[in-house]
Structure formats: C-alpha cells, structure tokens
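# Examination of the molecular architecture
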Number of protein chains: 2
Amino acid sequence: MPAYPRTARPALIIGSVAIDRVATPDAQSENILGGAASYAAIAASYFAPARLVGVVGGDFPKKFLQLYRKHGIDLAGLQVDPAARTFFWSGRYHENFAGRDTLEIQLNAFEHFSPQLPPAYLDTPFVMLGAIQPALQLHVLDQLPRGKNRPFVIADTFDLWINTARPELDRLLKRVDLLVINEDESLLLTGQRNLILAGHALRKMGPRAVVLKKGAHGSLLFHPGGFFALPAYPVTRLTDPTGAGDSYAGAITGYLASVNRTDFPAVKKAVACATACASLTVESFSVHRLSSAGRKTIDARLRELQALTRF
Amino acid sequence: MPAYPRTARPALIIGSVAIDRVATPDAQSENILGGAASYAAIAASYFAPARLVGVVGGDFPKKFLQLYRKHGIDLAGLQVDPAARTFFWSGRYHENFAGRDTLEIQLNAFEHFSPQLPPAYLDTPFVMLGAIQPALQLHVLDQLPRGKNRPFVIADTFDLWINTARPELDRLLKRVDLLVINEDESLLLTGQRNLILAGHALRKMGPRAVVLKKGAHGSLLFHPGGFFALPAYPVTRLTDPTGAGDSYAGAITGYLASVNRTDFPAVKKAVACATACASLTVESFSVHRLSSAGRKTIDARLRELQALTRF
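First things first, this report covers the structure right here in the doc. Predicted model, so just to flag it, every value in this text is computed and none were measured.

Here we take up the relation of the copies chain A and chain B. With an RMSD of 0.0 Å, chain A superimposes on chain B once it is rotated by 180° and translated 0.0 Å along the axis. Such a turn and shift between the copies fits a two-fold axis.

So, on to the sheet that holds strand β12 (residues 219-223) of chain B. Residues and elements named next belong to chain B. Ordered in space as β5-β4-β1-β8-β9-β10-β11-β12-β13, the nine strands form an open sheet in which the pairing is mixed. Looking at strand neighbours, the two that pair on one side only are β5 (74-81) and β13 (226-230), the edges of this open sheet. Along the sheet, successive strands turn relative to each other by an average axial angle of 15°, direction set aside. Pairing of strand β1 (residues 11-14) with strand β4 (residues 50-57), which is carried by four bridges, proceeds in the parallel orientation. Residue pairing in the sheet places Leu 12 in a bridge with Arg 51 of β4. Strands β4 and β5 of the sheet are contacted by helix α2 (residues 62-70), whose axis makes an angle of about 165° with β5.

Let's shift gears to the nonpolar core. Ranked by size, the top nonpolar core spans 110 residues in total, and within it Tyr68(B), Leu178(B), Ile252(B) and Leu256(B) carry the most contacts. For this core, the element with the highest residue contribution is helix α9 (residues 264-281) of chain B, accounting for twelve residues. Not counting residues up to four positions away in its chain, the partners in contact with Leu178(B) are Phe152(B), Val153(B), Ile154(B), Ala155(B), Ala209(B), Val210(B), Val211(B), Ile252(B), Leu256(B) and Val267(B). Ranked by size, the runner-up nonpolar core spans 68 residues in total, among them Ala11(A), Leu52(A), Met128(A) and Leu230(A).

Now for the pattern of salt bridges. Tallied over the full model, the rule gives 22 salt bridges over all chains. For Arg237(B), the salt bridge identified is with Glu283(B), shortest N-O distance 3.4 Å. With a gap of 46 residues between them, Arg237(B) in the loop between β13 and α8 (244-259) and Glu283(B) in the loop between α9 and α10 (288-308) connect regions that are remote in the sequence. A relative accessible area of 47% means that Arg237(B) is categorised as partly exposed. For Arg295(B), the salt bridge is made with Asp299(B), and the minimal N-O distance between the two is 3.0 Å. With Arg295(B) and Asp299(B) both in helix α10 and four residues apart, the pair spans about one turn of that helix. Of the residues examined, Asp299(B) reaches a relative accessible area of 24% and is grouped as partly exposed. In the salt-bridge network here, residues are joined through shared partners; they are Arg237(A), Glu283(A), Arg289(A) and Arg301(A).

Moving on: empty space enclosed by the protein. Scanning the model with the defined rule gives one cavity of 30 Å³ or more in all. Space inside the largest cavity adds up to approximately 60 Å³. In this structure, the largest cavity is lined by 14 residues; those nearest its centre are His217(A), Leu230(A), Pro231(A), His217(B) and Pro231(B). Among the elements of the structure, β12 (219-223) and β13 (226-230) of chain A together with β12 and β13 of chain B are those that each provide at least two residues to the lining of the largest cavity.

The rules we used
- Residues numbered from 1 in each chain as written.
- Chains lettered and ligands numbered in written order.
- Predicted model: local features only at pLDDT ≥ 70, side-chain atom pairs only at ≥ 80, totals over all residues.
- Heavy atoms only, no water.
- Least-squares fit on C-alpha atoms with pLDDT ≥ 70 in both.
- Pairing = 2+ DSSP bridges.
- Helix = DSSP H or I, 4+ residues; strand = E, 2+ residues; numbered from the N terminus.
- Axes fitted to C-alpha atoms, helices over the stretch in contact; angles between N-to-C directions.
- Contact = heavy atoms within 4.5 Å.
- Core = buried A, V, L, I, M, F, W, Y, C linked by side-chain atoms within 4.5 Å.
- Buried < 20%, exposed > 50% of the residue type's maximum accessible area, 1.4 Å probe, protein only.
- Salt bridge = Lys/Arg side-chain N within 4 Å of Asp/Glu carboxyl O.
- 1 Å grid on protein atoms, 1.4 Å probe; cavity = no way out; pocket = protein on both sides within 12 Å on 5 of 7 lines; lining within 4 Å.
- Points joined across faces, edges and corners; volume = space filled by probe spheres on them.

Right, here's the structure in full:
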C-alpha cells in the first residue's frame with residue numbers, strides 16, 4: 001500500500017463479512033470473498049488506515065485474511081467464531097442486471113453478531129456503519145464517544161430495514177452525519193420521487209449530508225455547503241454489481257479520514273473517489289478488480305471523471 | 001432579444017407547430033402553443049437568429065405569431081393553410097409523470113405537411129430536423145447544399161419512426177452530424193442497455209456525434225473529441241415535461257449557430273445550454289416559462305450547472 005498522507009486518520013468499518021456465490025447473466029463465481037465490510041474496508045484502505053469490525057466462522061479462508069492484510073487492514077475487531085461457519089450468500093442476477101434473486105442465505109456466525117469495538121478503536125474519528133440492523137448500528141454508536149470527541153458517522157441502510165425496523169432507523173438517522181442511500185431506498189424512506197426534494201427530505205430526518213446513489217446515472221450530494229452532482233464513471237464491462245455500494249461508502253469514509261475534513265469540497269472529492277472505486281468493483285466478481293487495481297488506477301479514474309464533467 | 005454575438009449565424013428549425021391541451025397530475029392547461037418547432041425555435045432564439053419551417057391552419061392564434069416575433073423568429077418558412085385547422089394534440093400525464101396517454105390527435109394542416117425551404121433559407125449553416133417522419137427529414141436535406149457548403153445537421157426522432165420507418169431513418173442517420181435521442185429511443189435503435197456502448201453503437205450508424213438524453217439524470221455526449229456527461233439542472237417544480245426535448249435540441253442548434261463551431265468544447269457548452277433551456281420548459285405549460293425567463297436566467301442556470309459539477 002502507498003504511504004497515507006500526513007493528515008490521514010483511521011477509518012473504522014462495521015459490517016458483514018461473507019462468503020458469496022454469484023451468478024450473473026454471463027458467468028458463475030466460485031465461493032468468493034463478500035460482505036459489505038470487505039468491500040468497504042478495501043476501498044477505504046486506498047486512502048486511510050482501515051479498521052474492520054465483523055464476524056467470521058472457523059471456516060473463513062486464510063487467503064481472505066491475507067487479502068485484508070495486503071491492504072493493511074487492522075483486524076483486531078474481526079471476531080472469529082470457531083464453532084460456526086461464515087455468513088454465506090448466494091444470488092443470481094437477472095438478464096441485463098435488472099434485479100437479483102437471493103438463492104440461498106446462511107446467516108451462520110452472523111446470526112448473533114453483536115459488533116464490539118476493541119478499546120483501541122474507540123478514538124476512530126471516521127466511522128462507517130454498513131447496512132446491518134439499525135439496532136446494531138445504534139449499538140456501535142453507543143460504544144463511541146459523544147460530544148466534542150464524537151466521530152463523523154457515515155451510514156448505509158437497505159430496504160429490509162426501512163420496511164421492518166423503521167423506529168430504530170429513525171433514531172439512527174438522527175445520529176448520522178452522512179447518509180449514503182440509493183434511489184429505491186430513498187423513495188421508500190421519503191415517498192418523494194423528485195430526487196432533489198428527496199435529498200432535502202432525507203436531510204430533515206437527521207443526517208447533515210446525504211449522498212443519493214443512482215447507479216449508472218451517478219450521484220447527488222446534499223451538503224450544508226451546497227449541492228453537487230457527479231455522473232457515473234463510464235463502465236463498459238459490467239461483470240458483477242455486488243459490493244458496488246459498499247465500496248462506494250467505504251471509499252467516502254476512507255477519503256474523508258485521509259484528509260480529516262468533512263467540508264463541502266472534501267465530501268465532493270470523496271464522492272468522486274467513491275465513484276471510481278465502485279466502477280472498479282463492478283468490473284469483476286468479489287473484490288478482485290478493486291483490490292488489484294491499485295491507487296494509480298483510482299487516481300486515473302478520478303482525473304477522467306474531472307475531465308468528462310468539465311465544460 | 002439581446003444582440004447576438006458577431007459570430008452568430010442563423011439556425012433553421014423544421015418541425016411541428018401545434019395547439020396542445022395538456023393534463024398533468026396537478027393541473028389542466030387551456031389550448032396552448034405546442035409543437036416541436038415552437039419549443040425549439042424559441043430556445044434557439046436565445047442564442048442565434050432562428051428561422052422556422054412548419055405549417056399552421058387558418059385558426060392559428062395571432063398571439064402565438066406575436067410570441068414567435070417577440071423572439072425575433074423569422075417566419076418566412078411558416079406555411080399557412082387557411083382552409084385547414086392547426087395540428088391539435090391533447091394528452092394526459094400519468095401519476096408522477098411516469099408516462100403519458102394521447103387523448104386526442106387531429107393532424108389537420110400537418111397531415112399533408114411537406115417542408116419547403118424558402119430560397120433565403122438555403123444557406124442556413126445550422127439545421128435542426130425535428131422529429132417528423134424520416135422521409136420528410138430527408139426531403140429537407142435534399143433541398144440543402146451538399147459538399148463543402150452543406151449545413152451542420154442536428155436531428156431528433158422518436159419511437160414511432162424507429163418502429164415504422166426504419167429504412168428511411170437509417171438513411172437519414174448517415175446524413176446527420178449530431179443525433180439527439182433519449183434513453184428509450186436509443187435502446188429501441190441499438191438494443192444496447194449499457195448507455196456508453198449504446199452511444200458508440202449510435203455513432204456507428206452515421207452521426208458524427210450523439211447526445212443521449214436521460215431526463216432527470218442528465219445527458220451524455222459522444223463526440224469525436226471525447227465523452228462528456230452532464231447532470232440535469234436540479235428542477236424541483238416539474239409542471240409539464242412537454243417540449244423539454246424539443247427546446248433541448250433547439251438550444252443546441254442555436255448555441256452552435258451562435259459560436260459557428262461544432263468542436264468538442266462548443267458541443268459540450270451547447271449541451272449545457274440545452275439542459276438549462278429544458279429545465280425552464282418543464283417549469284410551466286407550453287413555452288411560457290422558457291419564453292419569459294430571458295437570457296439572464298439561462299446564463300444563471302449555466303453558471304449553476306458549472307458550479308454543481310465542479311470538484
């Protein structure tokens with residue numbers, strides 16, 4: 001890994017770690033590394049030292065641990081439940097990636113997961129809460145400092161929690177600094193189809209800033225400092241969209257930690273870093289392309305994004 | 001109208017002129033000025049002197065002619081068929097503007113429309129072919145100079161012609177410099193869901209450059225000089241989307257005529273002008289907002305577009 005800038009602070013990633021098996025219209029994967037925390041921590045690690053909190057079973061392959069270590073990811077927060085197997089997810093994408101079905105889900109070690117932060121993590125200034133149950137996301141926040149030393153909190157969620165855990169989610173949103181959410185989830189939460197009005201409505205629910213992800217149509221950022229819109233990176237070889245949103249949120253967290261800032265220009269740049277990382281994620285199964293691409297490829301895509309939006 | 005820049009050449013707009021009656025989820029219009037040529041010519045007139053070729057009936061209200069004249073639009077090419085009525089279209093938009101139904105269509109004077117260019121128009125260097133039958137679009141091109149003095153041709157089309165007049169459309173595309181097309185039409189023409197690959201496929205059909213319109217998700221430009229992506233202007237008061245695409249194509253034509261250039265930077269700026277004009281069009285029924293906004297409002301939106309894409 002390249003040396004991090006002098007400003008860089010650690011980025012803490014909390015979320016699922018999984019073994020996935022994915023079928024796309026074009027190909028079928030082996031058992032591969034998955035889970036929101038895997039994608040997010042690897043993306044974050046390009047910008048700042050990443051810390052991971054999650055759980056795996058005794059069967060978790062050593063090569064996946066080695067992959068985390070290659071990215072300098074601190075695994076003190078990775079619980080190992082030797083008696084259990086690792087969370088397993090298998091899914092199949094529809095023609096044209098127009099949707100996906102879950103074929104099999106085995107929660108295994110993840111079923112009773114309760115994220116516990118090692119004492120050394122309690123001072124982490126940038127924290128990403130992956131899309132686990134809102135009650136567990138709140139449980140993480142309860143372990144972290146409040147007041148002046150509270151961290152900057154980036155949160156993800158998904159439709160299941162919007163539908164089944166709305167009271168906890170509403171409580172969570174009041175404690176989130178930056179919410180990262182996609183179009184469908186935004187509609188479900190706000191009932192608002194106009195994305196600009198939806199962004200304003202989401203901010204009224206608590207988060208100081210909101211990033212609305214539109215997949216191939218790019219991103220919208222609603223920040224106290226202003227409004228920002230960024231097209232997607234022009235991907236032409238979509239292989240597997242799994243993990244795109246996770247690496248997106250992880251890159252935002254990592255970039256903000258790297259500059260130790262959360263002002264409008266910093267979050268705009270973070271959205272661009274996220275766009276670049278997500279574009280790499282979808283070009284392979286698992287984290288292969290994201291992990292192997294290297295910082296130079298990310299920087300090249302950042303320059304491309306800058307060029308293709310200039311007029 | 002403001003004085004045009006010294007570089008400005010005329011912009012010729014060919015298309016339908018109509019009386020519309022529109023119902024949206026929120027409101028119902030009177031009989032209002034409609035038709036692709038109306039929206040396009042008024043948008044173009046903000047940038048360059050516009051010339052209009054179309055047909056109306058003896059019933060066409062004087063106030064609509066006055067509106068064209070207010071924008072300095074040259075009406076030498078507007079045929080009047082005193083024995084006929086003007087093309088009439090009535091439509092109703094679905095909830096959330098998710099689609100629309102045509103309630104009534106009376107072709108009237110438009111039924112036997114054959115665009116004839118006045119001799120004084122034959123030297124127009126920038127020509128927009130609105131989405132009339134491809135055979136009529138070709139008929140216009142047959143009247144214009146070929147070779148060194150041929151104009152720069154901007155063309156629009158729509159799904160009906162893709163489905164019913166494909167051979168003529170294919171012949172047309174080989175003679176078009178800049179095709180302006182939306183996502184659905186692009187999919188119908190190319191079968192390609194990846195918008196980047198679709199843009200490349202469309203250019204292979206003939207047009208040197210392609211603008212792919214994505215509504216609230218903005219635009220993609222595929223030009224020999226490079227790729228450009230622009231988000232939509234953040235509209236929060238969508239009133240009536242009718243004519244958005246027409247004013248978009250008209251603004252492109254007018255801007256290119258105003259600078260008398262068609263290189264990559266010029267077409268990028270033209271796409272931004274088009275985005276600004278379309279955002280005004282959808283904020284009212286008919287051309288009301290587009291016509292009353294004035295160049296200062298368009299320039300303000302151009303600056304906003306520049307600011308909201310910068311990082």
